[in-house]
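Reading the structure
Chain by chain, the residues run as shown.
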Amino acid sequence: MDFSIISTISMIVDFLNNIFWSYLLIILLIGAGIYFTLKNNFVQFRMMKEMVILLKDGTGEAKHGISSFQAFCISTASRVGTGNLAGVALAVAAGGPGAVFWMWLIALLGSASAFVESTIAQVYKEKNGTTFKGGPAYYIEKALHCKWLGLVFAILISITYGLVFNSVQANTISFAFENAFGIGRSTISIVLFILTGLVIFGGIHRIASISEKIVPLMAVVYVVIVIGVLVLNIKELPGIIVLIVKSAFGPEQFMGGALGAAVMQGIKRGLFSNEAGMGSAPNAAATAHVTHPVKQGLVQTLAVFTDTLIVCSATAFLILVSGTYKTSTADGIALTQEALTSQIGSIGGPFIAICIFLFAFSSLVGNYYYGEANIQFLYPKNKTYLNLYRLACLFMIGYGSIAELKFVWSLADLFMALMAVINIYAILRLRNIAKICLDDYIAQKKVGKDPVFKAKDVGITENAECWE
């Protein structure tokens, strides 16, 4: 493609991103998070213990579809990826330490949006052979009776996750391995193409199996290593926390214009990582076999906390403790590698490269599934389009491995923004469905029952065929 065309496209993408992220999405994301938090009586905080219990109870095999834990792992596979290692580094480099505070805030508030969207996705899921399928495209059509908007969302998420986001994940893997081992990015491109193809042509059960094994292992190993670094720097942590808060609200940042950068970068990178309210995780939530929609809503809420408050925070503290963000010219994953190398020696770079491979590879297959669920919405009875989509996904993984970092991330930001606007509109319209389900769940728990959902008992009389 001609360089001038790429430059023009890049300018248009940057212009649109500035409109969405500087104005519209800050209001929508924070506003929706506050509204859902109040409407559902702080569900993300008061039912934390219940979330952990449900996750533990959902680790068994599901009779139909996949288990609650496997659905948690698929969504977490998509959440816990380059956003946690490269995205956090980008946020700190561009927005300063204050960006971390805004990442925390969007997770705390956004978790309420995650509860609502995943609960609604469960209510309006559909049978898909021996499994289930669903997500925003499905509940937009079935509950809002707006098929055209469901089609728009299905197209957006199919492009965003299977194509654009997967190019971001592949981009970060190739940079990390080139930086750590000197392996050519084209070589990594071929390896990722083959490995991802083997998984995505195996269907949802293979994706669930891979995610179930990789996600818990990679998250625990990475967080434990970073905690070890932080323990060695324990005296600096109080100062780091003060720095984060001060940089988020300080008068110096306000006067210098840095406050806006911190807010924008924190929210942008926080949403890219935890995906709360964006309409992606509901596609995984809908696949779970549970006895009540709220069970998966609560489990997906826990996934947001796991992603941002644990894994993203680990990366942020690592970078801030190391101080490399002040002096380094590195960006993205290279900055995280430099930060860990400064703390544990030369092994830091290769360790981060291996971590990012596991993080991002699980994201590749998790992201792909979101696209698959929506290709099935667009073409429910035509396998040809699904196979063409799989090939397009693999092509974008190959392309992303050798593409320029800035343009790939900017494109991801734009598509993420468009998805978020449509999904937040939909779940605001359907807010009472989630509240009715939550009230029913709590009422059954109070009388000692293991909640079982029946749509007609709560006044949902159409298009909830899985709950009849």
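Owing to the predicted nature of the structure, the values given are computational and were not obtained by experimental measurement.

Our next topic: the pattern of salt bridges. Under the counting rule described, the total for this entry stands at six salt bridges. In this structure, the salt-bridge partner of K445 is E50, at a minimum N-O distance of 3.4 Å. Taken together, the residues span a long stretch of sequence, with K445 in helix α21 (residues 431–446) and E50 in helix α3 (residues 48–57) at a distance of 395 residues. Residue class for K445 comes out partly exposed when judged on its relative accessible area of 36%. Notably, a salt bridge pairs K142 with E465, separated by 3.0 Å at the nearest N-O pair. Taken together, the positions of K142 in helix α7 (residues 136–144) and E465 in the segment after α21 put the pair 323 residues apart, joining distant regions of the chain.

Considering every residue of the chain, the mean pLDDT works out to 79; 80% of them sit at 70 or more. Across the chain, the secondary-structure element scoring lowest on mean pLDDT is helix α12 (residues 251–256), at 46, and the one scoring highest is α21, at 94. Counting interchain partners and residues more than four positions distant, the pLDDT-below-50 stretch residues 253–258 has six contacts.

Along an α-helix, residues three or four apart share an orientation, since each turn contains 3.6 residues. An ideal rise of 1.5 Å per residue puts 38 Å on 26 residues; helix α6 (residues 98–123) measures up with 38 Å between its terminal C-alpha atoms. Most pronounced at G110, the bend in α6 amounts to some 35°. Among the 26 residues of α6, 24 are classified as buried, and the element is accordingly described as predominantly covered.

Let us look at a nonpolar patch on the surface. A grouping of I34, L38, F42, F45, L108, L309 and I310 is seen on the molecular surface, where their side chains present a nonpolar patch of about 590 Å² in accessible area. Secondary structure elements with two or more residues in the nonpolar patch: α1 (3–39) and α15 (293–322). Structurally, L38 is set in helix α1.

Positionally, S167 belongs in helix α8 (residues 147–181). Residue S167 is classed as buried on the basis of its relative accessible area of 3%. Separated by 2.5 Å, the side chain of S167 and the backbone oxygen of V164 make a polar contact.

The next thing to look at is helix α19 (residues 383–400). Look at α19: 26 Å from first C-alpha to last across 18 residues, which is about the 26 Å you get at 1.5 Å a residue. Within α19 the residues assigned to the buried category are L386, Y389, R390, C393, L394, M396, I397, G398 and G400.

Take unusual backbone geometry next. Notably, F42 is not glycine yet its phi reads approximately 60°, a positive angle. Following the sequence through the fold, F42 ends up in the loop between α1 and α2 (43–46). Positioned with a positive phi, N463 is a non-glycine residue whose angle comes to about 65°. Relative to the helices and strands, N463 is located in the segment after α21. Taking the relative accessible area as the measure of exposure, N463 reaches 31% and is therefore partly exposed.

For soluble globular proteins, the rule of thumb is that nonpolar side chains tend to be buried together. Residues I120, Y124, Y139, I140, L298, I433 and I460 are the most contacted members of the largest nonpolar core, which totals 76 residues. Here this core gets twelve residues from one element, more than from any other, and that element is helix α20 (residues 405–429). Ignoring anything within four residues of it in the chain, the contact list for I460 reads V123, Y124, I433, F453 and A455. Counting 35 residues, the second-largest nonpolar core is a separate cluster that includes V229, L230, V321 and L340.

Procedures and definitions
Residues numbered from 1 in each chain as written. Predicted model: local features only at pLDDT ≥ 70, side-chain atom pairs only at ≥ 80, totals over all residues. Heavy atoms only, no water. Salt bridge = Lys/Arg side-chain N within 4 Å of Asp/Glu carboxyl O. Helix = DSSP H or I, 4+ residues; strand = E, 2+ residues; numbered from the N terminus. Buried < 20%, exposed > 50% of the residue type's maximum accessible area, 1.4 Å probe, protein only. pLDDT = per-residue confidence, 0-100. Contact = heavy atoms within 4.5 Å. Expected span 1.5 Å × (residues − 1). Bend = angle between axes of the 7 residues up to and from the residue. Patch = residues over 30% accessible without salt bridge, like charges linked within 9 Å, V, L, I, M, F, W, Y side chains within 5 Å. Areas by Shrake-Rupley, 256 points an atom, 1.4 Å probe, with all protein chains shown as cover. Polar contact = N/O pair within 3.5 Å; in protein donor to acceptor, adjacent residues only side chain to side chain. Core = buried A, V, L, I, M, F, W, Y, C linked by side-chain atoms within 4.5 Å.

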